[in-house]
Structure formats: C-alpha cells, structure tokens
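Here is what each chain is made of, one letter per residue.
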Amino acid sequence: MTRVLSCIQPTGDVHLGNYLGALRNWVSGQHQADVFHGIVDLHALTITDQPHVLGERTLHLAAVLFAVGLDPNKATVFVQSHVPEHNQLGWVMECLVSYGELSRMTQFKDKSAKREAEFVSAGLFTYPALQAADILLYDADEVPVGDDQRQHVEITRDIAVRFNSRFGETFVIPRAVTPKVGARVMDLQQPTSKMSKSSDGDAGIIYLLEDPSSIAKKFKRAVTDSENEVRYDRNNKPGVSNLLDILSACTGETPESLASKYTQYGSLKTDTGDAVVATLTPIRERASELLQDKAELARLLAVGADRARSVAMKTLSRAYDAIGLLRP
Ligand code: ATP
Ligand code: LTN
C-alpha cells in the first residue's frame, strides 16, 4: 500500500491555501493509502518566541485536521514533539545536507529576509533537515503539499539518495504530489504573493474558520485589474485568475470554462465568495464541536503518537545500523 506523509505547522490560523493546496488531498488520500499527518510544532519553534502558545495552537490545529475530514481510524495524526525520533533522525539529516544546499532554499531566503531586524534562528536555516527526517522516518512514497514545498521535498530526495549511496539502501525516495488546482492560492490583496499565515495584515487571507460575512467582504474587495475582461491568464491577470482557480477548486469546473461564463468581475467575486462559504461552513461547524472536548482531542493525538512512534523507531534503528553506530 502506498505510504503518504505530510505535515503542517501550528504557526497561525489555517487558511484557504492550506486547505486547497494540502489538507483536502490529505483527506482524499486516506481512503487509498496508509497516511501519516504531523503537526510540526518543532518546526513552528523556528519562528516562535512566546511561551505557552504552541500547545494551544497545536490542539486547535488538531481540531481543524479532524474537522476537514481526517478520520482517526484511518489516518495517523500526531504531534512532532511526541515522537522524539524526528529530532534524532533530524541530526543525522543535518550531517547529510550541505551549507550550500540549505542556503539555496527559497523559504529560508524569504523568511529570513522578512524577519529583517528580528532574530533569525539557526533552526530556520536547518529546517529542511528536520523536514527530511519527518518524511523519511515513515518510508513515505508520496508527500501531498502545496507548490511552495516542492523544493523541500526535492532536497529530501537528494539527502535520501546520498544516505543510501553512502551507507547502503535504507530510505524510500519520496515524491511531492500537488493538486491540479489550488496548489498555489494567492493573497486576495496581493495576488502575486501566496496566501500565507505569516503575511502582514489579513485582508487578503481567508481563514478556514472565518465567519461567512467576513469571507464575502474579503472576496468583494479582492484586487483584480483595470481591464474588464474575465480571462484565465495567471501571468497577466493574477487577481482574476486566482479567483477562477479558487472557484474551480470549489466547483470542479476548469478555470477556463468558468472564465467563459463571466463578463463582470463583480459576479465572479460574489460567486467565488459563495462557493468558498459553502465549502467551509461544514468544516467550521465541525471544528467548533470538536473544540468543546479538548480531552478527546488529546486522546486522539496520543493514539496517533503511539502509531507514529512504532513506525519511526524502526526506521531510525535501520538508519543507525546502516551508519554502523555502536548500539547499546
Ligand atoms: P507560513 O506562512 O507560516 O509558512 P503556510 O501558510 O505556508 O505558513 P504551512 O504550515 O507552512 O503554511 O503549510 C501547510 C501546507 O499548506 C503545505 O503543504 C503548504 O505547501 C500548503 N500551502 C501553504 N500556503 C499555500 C497556498 N497559498 N496555496 C496552496 N498551498 C499552500
Ligand atoms: N515545511 C512545511 C511543513 C512541513 C512538512 C513536513 C510538509 C514540515 N515537515 C513534512 C510535508 C512533509 C511547510 O512549511 N509547509
């Protein structure tokens, strides 16, 4: 059976880009594959400096993951810091990736530039090594992610190939899987930048648990362009094309065929807002129910951690043996 792994950081509220680019595929994947999904709190630590926030965000994110439809009887949903093998293999990965490779990572360049005068941790730089550990520990064949994570899956493949050729066949070589539509949802106010939890201001971001009137307002105010033609052209008409992509992801029709149905931006904006509200309403309702029973969420995460650990322990051991570390 195909093994799937993907993770999400508890850095802020989950948005439409996370859902269409990643979470939705995680849910559909659980019916055909053996799936593992992690809440990567240690990755979030690379940009978190306040005490006592990550735990609460982790529990909240768990509610969202179950609310979008991950079934705890099918999917293994776990918290990264509950499975210490991630840190252990993470160090090994750090010793198999070069300073030059890490320096070329777009996410590091963007995030460190954005932080300007703020603290740029060494963890932000070595982040992809820990991500490689997340993936390789589970012998994942597929990693369902948004477009922005392709480079990180690519470096994971390079590390795995390097390990296998240095120490003998140990790791499965994973591949990134991105959706046909929704792999790169753009910010509604700055349609040339991706919708991101860590953007400045939230007028261009649609949160998964946002109330319908606020969602409708944000779509009405979405930035388009000064022409009047509805056409799907991501380079020249990023705002309009982003709306068409979102509408397409919610309805299943292609962006090109949707474009031919509209002559005005106004109705495209309203319909896209309505389609998003219809998609998100059941998720919002389910999440608020789940959040009423935090003890149950914690229990589900403990079950997930046990299942994750039983796989991760074996892989770590295989890696240590391949290297030839003296075992106790
Ligand atoms: P941050 O801005 O803090 O980096 P993020 O919004 O990018 O956060 P992550 O937790 O890093 O969210 O990503 C979770 C998943 O969502 C990843 O698979 C990522 O590729 C996907 N994703 C994030 N933003 C988008 C987007 N705008 N469009 C499509 N997929 C996205
Ligand atoms: N880097 C990813 C989150 C992440 C991840 C992973 C994704 C950490 N470990 C393993 C897939 C597989 C991000 O910033 N979106």
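About the cut-offs
Residues numbered from 1 in each chain as written. Chains lettered and ligands numbered in written order. Predicted model: local features only at pLDDT ≥ 70, side-chain atom pairs only at ≥ 80, totals over all residues. Heavy atoms only, no water. Near = heavy atom within 4 Å. Polar contact = N/O pair within 3.5 Å; in protein donor to acceptor, adjacent residues only side chain to side chain. Areas by Shrake-Rupley, 256 points an atom, 1.4 Å probe, with all protein chains shown as cover. Helix = DSSP H or I, 4+ residues; strand = E, 2+ residues; numbered from the N terminus. Nonpolar A, V, L, I, M, F, W, Y, C, P; charged D, E, K, R; others polar. Contact = heavy atoms within 4.5 Å. Core = buried A, V, L, I, M, F, W, Y, C linked by side-chain atoms within 4.5 Å. Buried < 20%, exposed > 50% of the residue type's maximum accessible area, 1.4 Å probe, protein only. Salt bridge = Lys/Arg side-chain N within 4 Å of Asp/Glu carboxyl O.

1. Notes on the site of ligand 2
Line of reasoning, step 1. Every one of the 15 residues lining ligand 2 counts as a neighbour, but Gln9, Tyr127, Gln131, Asp134 and Gln149 are closest to it.
Line of reasoning, step 2. Between ligand 2 and the protein, one listed contact pairs a nitrogen atom with a side-chain N or O atom of Gln131 at 2.8 Å.
Line of reasoning, step 3. A distance of 3.0 Å is found between a nitrogen atom of ligand 2 and a side-chain nitrogen or oxygen belonging to Gln149.
Line of reasoning, step 4. Notes on ligand 2: free accessible area 370 Å², of which the protein chains cover 91%.
Line of reasoning, step 5. Elements supplying a minimum of two residues to the shell around ligand 2: strand S1 (3-8) and helix H7 (122-136).
Line of reasoning, step 6. With four residues, H7 is the largest single contributor of residues to the shell around ligand 2.
Line of reasoning, step 7. Classifying every residue of the shell around ligand 2 by side-chain character gives seven nonpolar, seven polar and one charged.

2. Describing the side chain of Arg115
Line of reasoning, step 1. Along the polypeptide, Arg115 turns up in the loop between helix H6 (106-114) and H7.
Line of reasoning, step 2. Excluding residues within four positions of it along the chain, Arg115 makes contact with Ile47, Val120 and Leu124.

3. Some remarks on the nonpolar core
Line of reasoning, step 1. Of all hydrophobic cores here, the largest spans 58 residues; its most connected members are Leu16, Leu23, Leu65, Ile206, Leu208, Phe219 and Leu280.
Line of reasoning, step 2. Sequence-distant contacts of Leu23, that is, excluding residues within four places in its chain, are made with Ile8, Val14, Asn18, Leu65, Val68 and Leu208.

4. Quick word on the pattern of salt bridges
Line of reasoning, step 1. Counting across every chain of the model gives 21 salt bridges.
Line of reasoning, step 2. A salt bridge links Asp225 to Lys237, with the shortest nitrogen-to-oxygen separation between them at 3.1 Å. Taken as a pair, Asp225 in the loop between helix H9 (212-220) and helix H10 (238-251) and Lys237 in the loop between H9 and H10 lie far apart in primary sequence, twelve residues in all.
Line of reasoning, step 3. Accessibility expressed as a relative area gives 25% for Asp225, which makes it partly exposed.
Line of reasoning, step 4. Here Lys237 falls in the buried class, since its relative accessible area comes to 0%.
Line of reasoning, step 5. Of the charged contacts in the structure, one is a salt bridge between Arg231 and Glu227, with a shortest N-O distance of 3.4 Å.
Line of reasoning, step 6. Overall, Arg231 belongs to the partly exposed group, its relative accessible area being 28%.
Line of reasoning, step 7. Its relative accessible area of 38% is what places Glu227 among the partly exposed residues.
Line of reasoning, step 8. Here the salt bridges do not stand alone but share partners, grouping Asp225, Glu227, Glu229, Arg231, Asp233 and Lys237 into one network.

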